[in-house]
Amino acid sequence: MNGLRIWAIEFVKKGLLEVQEYVRLCFAALQAVFSRPFYARDVMEQIDVIGLGSLTVVLLTGFFTGAVLALQSGMTLDQFGARPFVGRLISASMIKELGPVLTALMLAGRVGSGIAAELGSMVVTEQISALRALGTDPIRKLVVPRVLAGFIMCPILTVVSDTVGMLGGWIIALTQLRVSSGVYWSSVVEGLYIQDVYMGIIKPFFLGVVIVTIGCHVGLRTSGGTQGVGRATTNAVVAASVLVLIVDFFVTRLLISIFF
Amino acid sequence: MRAKSLAEFGLPIELAEAHAPVVLFDSVNLSFDEKVILRDVTFSVRAGHTKIFLGASGAGKSTILKLMLGLLKPDSGTIWVLGHRVDLMDEAQLMRVRHHMGMVFQEGALFDSLTVGENVGYKLYEETQMDLEDVRQRVDEVLGFVGLTQYIDRLPAALSGGQRRRVAIARAMAAKPILLLYDEATTGLDPMTAMTVDAEIVKVRDLEPATSILVTHQLRDAFYVATHQAQRTAGGEIQLVEAGKQKVDEADFVMIREGRVYFEGTASELRQSQDPYLLKFLS
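What you see is a predicted model; the values in this text were computed from it and never measured.

Trainee: Mind showing me how you'd approach the overall build of chain B here?
Mentor: When helices and strands are tallied, chain B shows 11 helices and 12 strands. For chain B, the C-alpha radius of gyration of 18 Å lies close to 19 Å, the compact-globule estimate for 283 residues. When the backbone C-alpha atoms are referred to their principal axes, chain B occupies close to 50 × 40 × 35 Å. Residue pairs in contact within chain B that sit at least 24 positions apart in sequence constitute 64% of those at least 6 positions apart.

In structure tokens form, the structure reads like this:
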């Protein structure tokens, strides 16, 4: 019993230490964004890696999510004779929730793991120490460009995902559900309120930052050689995915209280 | 077995003076959780001299270099580097001190996404206002110095272990540091390759010139660096010869044992020691 208590205390202490270090990293990165030196070239590089590099996976995810949503909801809507409203359902689902969350989850898998593995390898091979020895602050050189790229690219990728999602839904509505294009697209527009669009655009800013900062935090705290890098990669994906869902809930709650 | 105190060095505590040593550790202690890494470590390094830290693996040698760079902070004691109290400085202040220092890490720690040329010119390109053409010239110069000009566009993964260490030396010396730190620069290399790395260390020390601090457990390398010197011939070629007595005496050996300074002295004092631990280490 005593052993269990000690284990629980250690577990809580370790958890609090992780949270403390994560918050410290976030503040250091925020401070570094607004002060010199600023590595603009690295920001552009990361926008390419995080943004353009993730385009294929986001396109595929968005398209097939929209398509399968149309298939499934078409069957349900049929029961009420409401098949023409399929566009409304797809646009509301994609823009408000599925687009931001699925894009963020895809980025957590692709970008979060990549950042954790890259920075983790740099830690275990002493490249981070070498950077510091050469007079470069790793937060400014490695963390800030990635955070800015995540902050900028996650909303853009979400818009892309939303768009191809609705396109996927349109193709299914047209070919499988026999809903005409005009009916589908007018239903898409009718189903949206401007507040929904704001929510769908604002949320990815938060989610992008969460994914990247978690990847950086876990990567920079890697220890234990190549095995540690593997562990860090897994931890980054798990933590980022769970946090995406948690942050999504709280930001949604906040935005609802603001907009509605 | 002498672990000198500050008084024995005869030095003032205020070290921002011309005659001051480039590095001074005064009663430095460091522990990680329960494990004591360094206990009451005191030593100094004078400008232009060579300090060689010997000791078994895990004795705390590499930690000393990390403390000098400010990569770690001591639990107690004071550390002066180039006239600055690095143990009290924050990361931004340390960057200015590190600007005058170079470090060669155990496995080279080259940036694997950058080419050899980009690695070597990294500091000049990213952290100075130097003109790009001047950076290229300096990169060519230092790569020529370590004999690796032809590898300038290769990635570190395409180099052998010895070549990687030599590139690491080139990177460390590119910004003309006052103080160069070598952390096990020859570990894991075959004797012939290790000798070429030792030769580069001697060349950088004598021809650039920089105060050198070496950490190693390879006695052969330590004695080679202590007992050789580099000079240019009339034709401009670099020659490695046996060092004169003065040069040999400028190389100080420090034996670290379980986090303590166990021995400090010259190469000949180390060789003549009858201490059982030192005899065992030297055998």
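Having put the structure on the table, let's press on.
Trainee: Sorry, what's going on with helix α3 (residues 55-79) of chain A here?
Mentor: Residues spaced three or four apart along an α-helix point in a common direction, a consequence of the helix completing one turn every 3.6 residues. All names here are of chain A. Between the first and last C-alpha of α3 there are 37 Å, a value that for 25 residues agrees with the 36 Å anticipated at 1.5 Å per step. Among the residues of α3, those classed as buried are Val-58, Thr-61, Gly-62, Thr-65, Gly-66, Ala-67, Leu-69, Ala-70, Ser-73 and Gly-74. Buried residues belonging to α3 abut α4 (86-124) and α6 (138-175).

Trainee: Can you help me understand helix α3 (residues 91-98) of chain B in this one?
Mentor: Within the sequence span of α3 of chain B, burial applies to Leu-94, Val-97 and Arg-98 of chain B. Projection of α3 of chain B onto a plane perpendicular to its axis shows the buried side chains occupying an angular sector of 95°, all on one side. For α3 of chain B, the exposed residues set more than 90 degrees away from the buried face come down to Ala-92 and Arg-96 of chain B. Contact partners of the buried residues in α3 of chain B: α5 (127-133) of chain A together with α2 (61-69), β4 (76-81), β5 (84-85) and β6 (101-104) of chain B.

Trainee: I keep staring at the nonpolar core and nothing clicks. Help me out?
Mentor: Burial of nonpolar side chains together is a common tendency in soluble globular proteins. Grouped together as the largest cluster of nonpolar side chains are 143 residues, with contacts concentrated most on Ile-211 of chain A together with Ala-170 of chain B. Among the elements that take part in this core, α4 of chain A stands out by supplying 19 residues, more than any other. When sequence neighbours within four positions are dropped, the list of residues in contact with Ala-170 of chain B reads Val-120, Val-142, Leu-143, Phe-145, Val-146 and Leu-148 of chain B.

Trainee: Sorry if this is basic, but what is going on with the sheet that holds β6 of chain B here?
Mentor: The pairing of strands in a sheet happens through backbone hydrogen bonds and is either parallel or antiparallel. Residues and elements named next belong to chain B. The strand order across the open sheet formed by 6 strands is β6-β7-β8-β3-β11-β12, and the pairing between neighbours is mixed. On the outer flanks of this sheet lie β6 and β12 (260-265), each paired with one strand and no other. Shown here is a sheet whose adjacent strand axes are inclined to one another by a mean of 15°, direction ignored. Bridge count between strand β3 (residues 50-54) and strand β8 (residues 211-215): 4 bridges; the pairing is parallel. Considered in β8, the bridge of Ile-52 is made with Leu-214.

Trainee: Whenever I open this one, the interface of chain B and chain A confuses me. Can you help?
Mentor: In many reports, interface size means the accessible area that the parts give up when they come together. Contacts between chain B and chain A engage 16 residues on the former and 11 residues on the latter. Broken down by secondary-structure element, the contributors of at least two residues to the side of chain B that touches chain A are α3 and α4 (116-127) of chain B. A per-element tally of the side of chain B that touches chain A places α4 of chain B first, with 4 residues. Split into classes, the residues belonging to the side of chain B that touches chain A amount to 8 nonpolar, 2 polar and 6 charged.

Trainee: Just checking my understanding: could you explain the sheet that holds β4 of chain B for this structure?
Mentor: All names here are of chain B. Across the sheet, 4 strands lie side by side as β2-β1-β4-β5; this open sheet has antiparallel pairing. In this open sheet, the two strands that pair with only one neighbour each are β2 (35-45) and β5. For β4 and β5, the ladder comprises 2 bridges, and the chain directions are antiparallel. When the bridges of β5 are listed, Val-81 appears paired with His-84.

Trainee: Explanation requested: the environment of Leu-134 of chain A in the structure shown.
Mentor: By the secondary structure assignment, Leu-134 of chain A is in the loop between α5 and α6. When the 26 C-beta atoms within 10 Å are taken as the criterion, Leu-134 of chain A is described as buried. Not counting chain neighbours up to four residues away, the residues in contact with Leu-134 of chain A comprise Tyr-122, Lys-123 and Glu-127 of chain B.

Trainee: Quick question: what am I supposed to make of the pairing of strand β11 (residues 251-257) of chain B here?
Mentor: Along any regular strand the residues' side chains alternate between the sheet's two faces. Residues and elements named next belong to chain B. Judged by how many residues are buried, β11 sits mostly within the fold: 6 of 7 residues are covered. In this structure, β3 lies alongside β11, joined through 5 bridges in parallel fashion. Its bridge partner lying in β11, Ile-52 is registered against Phe-253. The pairing of β11 with β12 spans 5 bridges and is antiparallel. By the bridge assignment, Arg-257 is partnered in β12 with Arg-260. In sequence, β11 turns back onto β12 through a hairpin of 2 residues, with Glu-258 there showing a positive phi of about 50°.

Trainee: Please explain the packing of helix α6 (residues 161-173) of chain B against helix α7 (residues 191-207) of chain B as it appears in this structure.
Mentor: Helix-helix packing: each pair is described by the crossing angle between the helix axes and the interaxial distance. Residues and elements named next belong to chain B. It is at 9 Å that the axes of α6 and α7 come closest, and there the two elements cross at 10°. With respect to each other, α6 and α7 are oriented roughly parallel. Contacts from Gly-161, Gly-162, Arg-165, Arg-166, Ile-169 and Met-173 of α6 reach α7 at Thr-193, Thr-196, Val-197, Glu-200 and Val-204. Class assignment of the residues belonging to the contact of α6 with α7 gives a composition of 4 nonpolar, 4 polar and 3 charged.

Trainee: Sorry if this is basic, but what is going on with the packing of helix α1 (residues 2-33) of chain A against α6 of chain A here?
Mentor: All names here are of chain A. Running from N to C, α1 and α6 point in directions that differ by 90°, and their axes come no closer than 9 Å. Relative to α6, α1 is oriented roughly perpendicular. On α6, the residues that touch Leu-25, Ala-28, Ala-29, Ala-32 and Val-33 of α1 are Ile-139, Arg-140, Val-143, Val-144, Val-147 and Leu-148. Classifying every residue of the contact of α1 with α6 gives 10 nonpolar, no polar and 1 charged.

Trainee: It is not clear to me how the confidence of the model for chain B should be interpreted in this structure. Could you clarify?
Mentor: Close inspection of predicted coordinates is inappropriate in any region flagged by low pLDDT. Residues and elements named next belong to chain B. Of the residues in chain B, 93% reach a pLDDT of 70 or more, and the chain-wide mean stands at 85. Segment residues 1-19: pLDDT under 50, and 26 contacts once partners within four positions in sequence are set aside and those in other chains are kept. Interface confidence for the predicted complex, given as ipTM, is 0.83, next to a pTM of 0.85.

Trainee: Please clarify how unusual backbone geometry should be interpreted in this entry.
Mentor: Excluding glycine, residues mostly carry a negative phi; peptide bonds, for their part, are mostly trans. Across the junction of Arg-36 of chain A and Pro-37 of chain A, the peptide omega takes the value -5°, indicating a cis bond. When you line up the elements, Pro-37 of chain A lands in the loop between α1 and α2 (40-51). In this structure, Glu-126 of chain A takes a positive phi of about 65° despite not being glycine. In this structure, Glu-126 of chain A sits in the loop between α4 and α5. Backbone geometry at Leu-82 of chain B places phi at a positive 50°, although glycine is not the residue there. Mapping Leu-82 of chain B onto the fold places it in the loop between β4 and β5.

Trainee: Honestly, the pairing of β4 of chain B in this entry has me stumped. Any pointers?
Mentor: In the sheet, strand β1 (residues 23-32) of chain B pairs with β4 of chain B via 5 bridges, with the strands oriented antiparallel. By the bridge assignment, Phe-25 of chain B is partnered in β4 of chain B with Ile-79 of chain B.

What counts and what doesn't
Residues numbered from 1 in each chain as written. Chains lettered and ligands numbered in written order. Predicted model: local features only at pLDDT ≥ 70, side-chain atom pairs only at ≥ 80, totals over all residues. Helix = DSSP H or I, 4+ residues; strand = E, 2+ residues; numbered from the N terminus. Rg over C-alpha atoms; globule rule 2.2 N^0.38 Å. Contact = placed C-beta atoms within 7 Å. Expected span 1.5 Å × (residues − 1). Buried ≥ 20, exposed ≤ 12 C-beta atoms within 10 Å, placed from the backbone. Arc of directions from axis to C-beta. Core = buried A, V, L, I, M, F, W, Y, C linked by C-beta atoms within 7 Å. Pairing = 2+ DSSP bridges. Axes fitted to C-alpha atoms, helices over the stretch in contact; angles between N-to-C directions. Nonpolar A, V, L, I, M, F, W, Y, C, P; charged D, E, K, R; others polar. Parallel < 35°, antiparallel > 145°, perpendicular 65-115°, else oblique. pLDDT = per-residue confidence, 0-100.

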